[in-house]
Amino acid sequence: MSIPINLVRGRGVGSGRPRQDSLCLRGADSKPVKEEPLSQARLFPRSLEEGLGFEYAMFHNQVENRTVCILQGGPYLQGIPGFLHGGAIATMIDSTVGMCAVLTGGAVMTANLNINFRRPIPLCSVVVINSQLDKIEGRKLFVSCNVQSLDEKTLYSEATSLFVKLDPKKTSP
Ligand SMILES: CCCCCCCC/C=C\CCCCCCCC(=O)SCCNC(=O)CCNC(=O)[C@H](O)C(C)(C)COP(=O)(O)OP(=O)(O)OC[C@H]1O[C@@H](n2cnc3c(N)ncnc32)[C@H](O)[C@@H]1OP(=O)(O)O
């Protein structure tokens, strides 16, 4: 029986090389089986060679609860020829609004993510993801963002998201 891997904890934040992470293996009942260092585990957007995948830097404003990501999607992220794959865009939107939620609320997980893809993003172009915390209701954090060209003339995507703070009383998220 194969053991499903339910949680890979990434530690790489912002730009830089991928770091070693630890891996928690969980059985079918979601109970931890063992936790050990795993050199192959990487934060997903840091899993490709430099320059070929997700090239980005993030900046967080703690006063305004805003996170900005400067992103250049490389040639391994192609969807329609010449343009970024929608899943790659979704990954970086989730990572940016996720960073905003984590730095505001601590341990959270994405519960809902809605994306409108307005214009295709040319491969290897530089775009800006602007996210901000809209409101907090109990354990729920609502974060929205847009993806624009550097000159702000082109709106590529808009998204809204819901993050839920993990409940320490529950054994698994
Ligand atoms: C984790 C540690 C974080 C620390 C990391 C630090 C290092 C930072 C490094 C790098 C940051 C980069 C950032 C990465 C970003 C990527 C994040 C992801 O991609 S996460 C993977 C995808 N998401 C899942 O797999 C979730 C699967 N879902 C769940 O596990 C649960 O559903 C969970 C935890 C989200 C909520 O479960 P419940 O049991 O705790 O809570 P309930 O009672 O169900 O909901 C609480 C409230 O939220 C509403 N809610 C829940 N889900 C909803 C939904 N989908 N739509 C609307 N409302 C929803 C409910 O109606 C309830 O609302 P009412 O309190 O009654 O008002």
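Naming follows an unreviewed UniProt entry, where the chain appears as Acyl-coenzyme A thioesterase THEM4 of Mustela putorius furo.

Here we take up the site of the ligand. The full set close to the ligand counts 16 residues, and D94, A111, R139, K140 and K170 are the nearest of them. A111 has a polar backbone atom sitting 2.9 Å from a nitrogen atom of the ligand. Here an oxygen atom of the ligand sits 2.5 Å away from a polar atom, N or O, in the side chain of K170. Relative to its unbound accessible area of 1400 Å², the ligand is 53% covered by the protein chains. Those elements giving two or more residues to the shell around the ligand turn out to be α1 (86–105), β6 (108–117) and β9 (155–165). Tallied by class, the residues present in the shell around the ligand amount to nine nonpolar, three polar and four charged.

This next bit is on the sheet that holds β6. With respect to topology, six strands assemble into an open sheet ordered β4-β5-β7-β8-β9-β6, the strand pairing being antiparallel. With one partner strand each, in any of the chains shown, β4 (54–61) and β6 form the two edges of the open sheet. Taking the axes of each pair of neighbouring strands and ignoring which way they run, one obtains an average angle of 20° across the sheet. With eight bridges joining them, β4 and strand β5 (residues 66–73) adopt antiparallel strand pairing. The residue of β5 that forms the bridge with E55 is Q72.

Moving on to the packing of aromatic side chains. Here a ring pair, both rings aromatic, is described through the centre-centre distance and the interplanar angle of the planes. On inspection of all chains with the given rule, the structure shows one aromatic pair. A centroid spacing of 5.9 Å and a plane angle of 70° characterise the contact between F44 and F54, whose relative ring orientation is edge-to-face. Linking F44 in the loop between β3 (32–38) and β4 with F54 in strand β4, this pair joins segments that are 10 residues apart in sequence. Judged by relative accessible area, which is 52%, F44 ranks as exposed. Given the relative accessible area of 5%, F54 is considered buried. The positively charged end of R46 is found above the aromatic ring belonging to Y56, 3.7 Å away from the centroid. The ring of F142 is capped by K135, whose NZ or CZ atom sits 4.8 Å from the centre of that ring.

This brings us to a nonpolar patch on the surface. A cluster of nonpolar side chains, F59, I70, V126 and L150, forms an exposed patch at the surface whose accessible area comes to about 350 Å². Looking at where F59 falls in the secondary structure, it is placed in strand β4.

The subject of this paragraph is the pattern of salt bridges. Charged atoms that come close allow side chains of opposite charge to pair. Scanning all chains against the criterion turns up four salt bridges. Taking the shortest distance from any N to any O, the salt bridge between E64 and R66 comes out at 2.8 Å. For E64, a relative accessible area of 46% puts it in the partly exposed group. Put simply, K135 and E137 hold a salt bridge, and the shortest N to O gap is 3.1 Å. K135 gets classed as partly exposed once you look at its relative accessible area, which sits at 40%.

What follows concerns the confidence of the model for the chain. Looking at the chain, pLDDT values average 84 and 76% of them are 70 or higher. Low confidence marks residues 1–24, where pLDDT is under 50. Its contacts with residues over four positions away, or in another chain, come to 54 contacts.

To continue, consider unusual backbone geometry. Positioned with a positive phi, N65 is a non-glycine residue whose angle comes to about 55°. One can find N65 in the loop between β4 and β5. The residue C124 is not glycine, and still its phi comes out positive at about 70°. With respect to the element layout, C124 can be found in the loop between β6 and β7 (126–137).

Reading the values: the criteria
- Residues numbered from 1 in each chain as written.
- Predicted model: local features only at pLDDT ≥ 70, side-chain atom pairs only at ≥ 80, totals over all residues.
- Heavy atoms only, no water.
- Near = heavy atom within 4 Å.
- Polar contact = N/O pair within 3.5 Å; in protein donor to acceptor, adjacent residues only side chain to side chain.
- Areas by Shrake-Rupley, 256 points an atom, 1.4 Å probe, with all protein chains shown as cover.
- Helix = DSSP H or I, 4+ residues; strand = E, 2+ residues; numbered from the N terminus.
- Nonpolar A, V, L, I, M, F, W, Y, C, P; charged D, E, K, R; others polar.
- Pairing = 2+ DSSP bridges.
- Axes fitted to C-alpha atoms, helices over the stretch in contact; angles between N-to-C directions.
- Phe/Tyr/Trp six-rings, centres within 6.5 Å; stacked < 30°, edge-to-face > 60°.
- Buried < 20%, exposed > 50% of the residue type's maximum accessible area, 1.4 Å probe, protein only.
- Lys NZ or Arg CZ within 6 Å of the ring centre and 35° of its normal.
- Patch = residues over 30% accessible without salt bridge, like charges linked within 9 Å, V, L, I, M, F, W, Y side chains within 5 Å.
- Salt bridge = Lys/Arg side-chain N within 4 Å of Asp/Glu carboxyl O.
- pLDDT = per-residue confidence, 0-100.
- Contact = heavy atoms within 4.5 Å.

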